[in-house]
Amino acid sequence: MQLTARTHRPDRFRPDIEGLRAVAVLLVLTYHAGLPLKNGFLGVDVFFVISGFLITGILVRELVRTGTISWSRFVGRRVRRLLPAAVLVLVVTAAVTWFVVPGLRRREIGSDIAGAALYVVNWLFAHRAVDYLASDTSPSPVQHFWSLAVEEQFYVVWPVALIALAFVLRRFGRRPSMRSVGLLLAVIAVPSFAYAVWLNAVDPNRAYFVTTTRAWELGVGAALAVWCAAREAGPHTEPARAAWTRHLPAVVGWLGLAAVLGTAVRLPAGASAPGPWTVVPTLGAAAVLWAGWTGASGGPVRVLGTRPMVWIGGLSYSLYLWHWPAVILADWAAQGLTGTQKVLVVLASVVPAWLSHRYLEQPVHHSTALAARTGRVLVLGAALSAAGALAALPLAHAPSPFRTTPVSGAIPALGELGAAALSTPPGTDPATYAVDDWEWLTPDPQLAGHDRPAADVDRCQVDRLASAPVPCEFGVRAGTTAVALVGDSKAMQWLPALERLAPGRGWRIVTYGKSACAFAAGHAQQAGQPYPSCDAWNRHVMEALRANPPDLVLTSGYAATAWDGRAATRDALVAGLGERWQEVRALGSRLAVLGDSPLSPDDLDVCTARHPRELTRCAFDREPAVAGSGLPVQRLAAQASGTALIDLTPYICPVAQCPVAIGHVSIHRAGDHLTATYVRSLAAQLGAALDGLPGPGDPSTVGH
């Protein structure tokens, strides 16, 4: 059936939509306030469905009426509706961040604000979510802008696709039909849903943020809008219906609302968004919208259409914008909020939300003067986006409180710094390490996360999705002794020391690294679930080692458990490590396990920024740091399999309170790793331990 502009339902105010918006924003606010609503984040999915329904309804009706869509008018409407309030929030967030966030964490937030102003911030968060070497920081105060970025990216593609469809069909003398628009939508939404299900299973952190896993949710609302528009364009005569069917829309609407609220309260164990279970709240939201479209008086509109719900729904966009930066920045300012304080901050965010809604959002959105000047609105939109990005510039250039070179001259040779300044064995007097003001440190504790080994910087370490290893060569390329360094990033962190030893020993070093993947037999686990790409990577690495056995194999890792077929257990990992190490020794290679370094806090940079002249306040307890690392499991596996274990903990944390620096060198970087500079300074200690390794035919011992 061709869609024509013969007749259609007149535009009318939909209180049920405002009420459904209220439900969505209240779910999000409740969740972010820390109240016991485990899945309140699903409110964002409801927003996606509402947006897809409303915006596609506008687009399709214009397509029916004119045969095409004015992209400039569409963008102008989006600018007037969204940008003024959003940019105001970004500017205020940038200003407050400067005063309450310490050190160079401001730089990361600055990049987030710039990304939010340009509506690409969701991809920044997706990258950060999978980069587990990045600092495990407090959430960004503009993290909630990811959903706005998803919407705007969708609304770059969808209107252009409709315009292209109309253009192609016009070339054949046809107008867009319900079927053609629906098929076009399916081409976008169906692959998006399939990709969401797949990526959620293998990499849920990335799946949460990317547009390609979320487009189908907007597509659910869009599909309903297309169906409704087709019905509106058709004849108005209604066929005779059984009495019970008159109540069907109301029943469907109530079931839909129950689906939204029910999934917000409870989802099956292991379910996450946007996975298969996200279908329930999205279809539930669509059911509520459909019931309201039919005009069913007994439907959810009886609750959703009440004055309080309509008021909250009208304020929902501003509430969404303001509440999250209020929570995060208050948390920074107070250095931690209690549960009650967090609730109070969320409630207080209603004030700026109402003010910006009343005096900025509404006047601009409903301005007839701006509505008639599309060109000027587009220029205004570009200027506002630029203003939001420019507000981030001061944060991007925030200074560090640390010097990285001595006032008196150049940095001393590495042989005088870091672990090289320690005695053998290291002294155990706490006073030796209780240095409050180092005068200078390298690397800068605020930038220690960038001081990484070449195997990481060069991306030799494959990500969690990859199963094929990427061997990278370091050291002496024509060296006579082949050394393989195998494992996760906690293994790769030892590369700088090996590179320093390589020239004097003729070592040709080959690395095989994979994120969060133990070099072990059996079955790996990730987040309490099987990790099949790690198992496949292990098989491929062993094939490479068998094909060309190295003289020496070094391995390490952070893992504490493995998959035993039913759950993640320590025993499964101990058995898997021991089996793998015996396989390596059977190749005729010498093998040593480099003990995992102590688990360091991820907010050391925050502590050092707050106390740059009192660094002893940032020291942390050695006992739980060692217990939380991979070292205890490595010890058990080494003892059970007779494998040499090199434990350099005394040179990393010599006393009960682990210092943040030794010998003018920062020890730790974000993500529970050692800085490349400090590892480089450990070369002599590591070399001495390796010299004590048994030969291939000697009885294996537990070393150092």
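Heads up: these notes are all about the structure in this document. (Residues numbered from 1 in each chain as written. Predicted model: local features only at pLDDT ≥ 70, side-chain atom pairs only at ≥ 80, totals over all residues. Heavy atoms only, no water.)

Quick look at the nonpolar core now. L20, I113, F145, W158, L162, V181 and L321 are the most contacted members of the largest nonpolar core, which has 110 residues in total. It is helix α6 (residues 145–171) that contributes the most residues to this core, 13 residues altogether. Not counting chain neighbours up to four residues away, the residues in contact with L162 comprise L59, L63, I69, V181 and L184. (Core = buried A, V, L, I, M, F, W, Y, C linked by side-chain atoms within 4.5 Å. Buried < 20%, exposed > 50% of the residue type's maximum accessible area, 1.4 Å probe, protein only. Helix = DSSP H or I, 4+ residues; strand = E, 2+ residues; numbered from the N terminus. Contact = heavy atoms within 4.5 Å.)

In this section: helix α4 (residues 105–117). A rise of 1.5 Å per residue sets the reference length of α4, with its 13 residues, at 18 Å; its end C-alpha atoms lie 19 Å apart and thus fit the reference within 8%. Taken from the residues just after α4, Y119 is the one with a positive phi, measuring 60°. (Expected span 1.5 Å × (residues − 1).)

A few words now on the environment of A491. When you line up the elements, A491 lands in helix α22 (residues 489–492). Residue A491 is classed as buried on the basis of its relative accessible area, which comes to 0%. Along the chain, A491 and R128 lie 363 residues apart, while their C-alpha atoms are 21 Å from each other. Non-local contacts of A491, meaning those with residues more than four positions away in its chain, are made with L485, V486 and S556.

A separate point is the pattern of salt bridges. This structure, assessed with the given rule, holds 22 salt bridges. Residue R81 pairs with E361 through a salt bridge whose shortest N-O separation is 2.7 Å. Separated by 280 residues along the polypeptide, R81 in helix α3 (residues 71–100) and E361 in helix α16 (residues 350–365) bring together distant segments of the chain. Residue E583 pairs with R580 through a salt bridge whose shortest N-O separation is 2.4 Å. Highlighted residues: E583 and R580, both in helix α25 (residues 570–586), separated by three residues, approximately one helical turn. Overlapping salt bridges, with partners in common, bring together D45, R214 and E217 in one network. (Salt bridge = Lys/Arg side-chain N within 4 Å of Asp/Glu carboxyl O.)

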